[in-house]
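Reading the structure
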Amino acid sequence: MAALQQQRRRRLRSFRPTAGSGLQEEPGGAGAVPGDSWPIPLLDLASNDYLGLSRHPGVIAAARAELERSGLGAGASRLVTGTRPVHRLLEAALAAWLGRERVLLFPSGFQANVAAVSALADRQSLVCADRHVHHSLLAGVRASGSRLVRFAHNDLGDLERRLAQARSSQPDQTRLVLSESLFSMEGTSPDVPALAALCRRHGALLLLDEAHALGVLGPGGRGLGHGLEGVHLVCGTFGKAFGSGGAFLAGDALLGDWLLQASGAFRYTTALAPPLAAGALAALRQIEAQPQIATELLARAHRWRQALAAAGWPRPAGDGPVLPLLVGDDGAALALQERLEAAGLLAVAIRPPTVPAGTARLRLVLRQDLPAGTLARLIGALGPAPSPPTP
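Parameters and conventions
Residues numbered from 1 in each chain as written. Predicted model: local features only at pLDDT ≥ 70, side-chain atom pairs only at ≥ 80, totals over all residues. Heavy atoms only, no water. Phe/Tyr/Trp six-rings, centres within 6.5 Å; stacked < 30°, edge-to-face > 60°. Helix = DSSP H or I, 4+ residues; strand = E, 2+ residues; numbered from the N terminus. Buried < 20%, exposed > 50% of the residue type's maximum accessible area, 1.4 Å probe, protein only. Contact = heavy atoms within 4.5 Å. Pairing = 2+ DSSP bridges. Axes fitted to C-alpha atoms, helices over the stretch in contact; angles between N-to-C directions. Expected span 1.5 Å × (residues − 1). Core = buried A, V, L, I, M, F, W, Y, C linked by side-chain atoms within 4.5 Å. 1 Å grid on protein atoms, 1.4 Å probe; cavity = no way out; pocket = protein on both sides within 12 Å on 5 of 7 lines; lining within 4 Å. Points joined across faces, edges and corners; volume = space filled by probe spheres on them. Nonpolar A, V, L, I, M, F, W, Y, C, P; charged D, E, K, R; others polar. Parallel < 35°, antiparallel > 145°, perpendicular 65-115°, else oblique. Left-handed = near helix turned anticlockwise from the far one by under 90°.

Per the counting criterion, the structure on display carries four aromatic pairs. The interplanar angle of 80° and the centroid separation of 6.2 Å between the aromatic rings of Trp-97 and Phe-242 together place this pair among those described as edge-to-face. With Trp-97 in helix H3 (residues 85–98) and Phe-242 in the loop between strand S9 (233–237) and strand S10 (247–251), this pair connects stretches of sequence that are 145 residues apart. Each member of the pair, Trp-97 as well as Phe-242, carries the same accessibility label: buried. Aromatic rings pair up to connect Trp-97, Phe-238, Phe-242 and Phe-248 into one cluster.

Within the secondary structure, Asp-158 is located in helix H6 (residues 156–169). If we skip the residues at most four places from it in the chain, Asp-158 touches Arg-150, Phe-151 and Ala-152.

Here we take up the sheet that holds S10. Sheet architecture is open: seven strands sit in the order S4-S10-S9-S8-S7-S5-S6, paired in mixed fashion. At either margin of the open sheet sits one strand with a lone partner, and together these are strand S4 (102–106) and strand S6 (147–151). Going across the sheet, the axis of each strand differs from the next one's by a mean of 20°, ignoring polarity. Relative to S9, strand S8 (residues 205–209) is paired through three bridges, and the arrangement is parallel. Counted as the bridge partner of Leu-207 is Leu-233 from S9. Each of strand S7 (175–180) and S8 is contacted by helix H7 (residues 192–201), which is oriented at about 155° to S8, the strand it contacts most.

This part covers helix H10 (residues 274–289). Helix length check: H10 (16 residues) gives 23 Å between terminal C-alpha atoms against 22 Å at 1.5 Å per residue, within 8%. Buried within H10 are the following residues: Pro-274, Pro-275, Ala-277, Ala-278, Gly-279, Ala-280, Leu-281, Ala-282, Ala-283, Leu-284 and Ile-287. Structurally, H10 contributes buried residues whose contacts are with helix H1 (57–70) and H3.

The subject of this paragraph is the pairing of strand S11 (residues 322–328). For S11, a buried count of five out of seven residues is recorded, marking the element as mostly surrounded by other parts of the structure. Of the strand pairs in this sheet, S11 and strand S14 (residues 360–365) are connected by six bridges, and their pairing is antiparallel. Each residue of the ladder has a partner; that of Pro-324, found in S14, is Arg-363.

Neighbouring strands of a sheet are bound in pairs by backbone hydrogen bonds; such pairs are parallel or else antiparallel. Pairing is antiparallel in the open sheet, where three strands are placed in the order S11-S14-S13. The two strands at the open ends of the sheet, each matched to only one other strand, are S11 and strand S13 (348–350). Between one strand axis and the next, the sheet turns through 30° on average, direction left out of account. Here three bridges tie S13 to S14, and the two strands are oriented antiparallel to one another. Pairing of Val-348 across the sheet is with Arg-363, part of S14.

On to the nonpolar core. Inside soluble globular proteins, nonpolar side chains tend to come together where they are buried. In terms of nonpolar packing, the biggest core is built from 77 residues, with Leu-94 and Val-177 touching the most fellow members. Among the elements that make up this core, the one with the highest residue count is H10 (eight residues). Beyond its immediate stretch of four places on either side in the chain, Val-177 contacts Cys-128, Phe-151, Leu-159, Leu-163, Leu-195, Cys-199, Ala-204, Leu-205, Leu-206 and Leu-207. The next biggest cluster of nonpolar side chains, apart from the first, holds 28 residues, and it includes Ala-116, Ala-121, Leu-178 and Leu-255.

Below, the discussion takes up the layout of surface pockets. In this structure, the largest pocket spans a volume of roughly 1,500 Å³. For the largest pocket, the lining is made up of 49 residues, of which Met-185, Val-348, Ala-349, Ile-350 and Thr-354 are closest to its centre. Contributions of two or more residues to the lining of the largest pocket are made by helix H4 (109–120), helix H5 (135–144), S9, helix H12 (330–342) and S13. Tallied by class, residues from the lining of the largest pocket come to 19 nonpolar, 15 polar and 15 charged.

Here we come to the packing of H12 against helix H13 (residues 374–382). Between H12 and H13, whose axes approach to 9 Å, the crossing angle comes to 125°. As the angle between them shows, H12 and H13 are arranged oblique. Viewed along their axes, H12 and H13 form a crossing whose handedness is right-handed. Side by side, H12 and H13 meet where Leu-336, Arg-339 and Leu-340 of the first sit next to Leu-378, Ala-381 and Leu-382 of the second.

Structure, rendered in C-alpha cells:
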C-alpha cells in the first residue's frame, strides 16, 4: 500500500438513484459529519445501463413478482436444489434469441469467463488473447494452466502469425482465441466475421465476450458474433444493457453439457438469484420488442463522437455507446472528472492498471434515457481540449 501511487488509489463511493438519469452521492467523504445533507444529483454518464432497463417498470415488476414466488435467493447451487423454473425459462429464451443450442446461467460475468476458458483449454493448450481482454478472461487462463500469448489489440495479422506458428510447431495442440466484441475501456470492436474466419482457417476455438455488445450491437442487439460459424462460445452478462445482474454462456449442446458436468465455477456456486433472472427475462422481451431503441442509441453515439471531435477533442474510438476521451496523465484525468462533477456530470477517470500507463481517460457511456441537451452541457463543461503530447 505504501508503494501505491496516490493517483492510482481507488475509493468506494456510494450513490442512490434519483429521478431521471441521476445519481446522488451519499454523504461520507473526507470531513463529513453526521447529519450532512446529500449533495446535488449528478447526471450519470458512467453506468453501463445502456437501454435504461434497470428502472423499466416491466423489468422491476417481473423481478418483484419472482421475489414473491421464489424468495430473494436460490439457496443452493443449480445441481443441488437451486434451479427454479425462471432459470430454465431464461436459458431457453436466450438460446432461441441467439440461435444457440444450450445456455447456462452464472451469478457473474467474471465466473462465466473463468468457466468458459477452463472448459475450452487445459495445460496442453495455447491461448491467444487480445491485448485488452477483460481481467476475468486472463484469470480463466491462469485457472486452466494453459500457455498464454497476447496479440496486438484487434490486429488480426498479428493473431494470424501467432496461430500459424503454433499450428506449424504443434499441429495437434488445442488453440483458443479470446476476444471481445465491444471492448469496454477502448470502445472498439474487432472485425468479428474476419476473426471467426481466421480461427476456422487455423483450427482454433473462439471464445467471444459479448458482455457490452448484447442488447446494443449486431442484428436485433444479438451481438456481433450472432450467426457466425466459428464462434464456439459466447459470454454475455445481464448487468449492462439488460439492467439486471448475472451472466450466461451460450454454445452447442455438447459444450453446454461439458460445462454442466465439469465446470467448478458452475457447479460450486449458489444459483443466480431468481428475481435477477426474472428481471433479465423481462429485459430480453423488451429488447426483442423494441430493437429501434438500440439503433437510436448508436445514432446518438455517432453524433456525440462527431461533436466531440468538432470541439477539438480526440474522436472517441469505435461506434458503440462507450466513448473514451483519452487524456494521458492520471492527474489530468482525475482533474477532468472533478471539473465535470462540479458541473453536475458524473464520468469516471479510468487509470492504470485498468488501462496502460500514459493512457488515462474519461470513460463516457451513452444511455437511452439521457435527457435532451446532455451533449451541449458536456462539451461546455469539458472546456478546451488538451494540447496533444509533444513527440
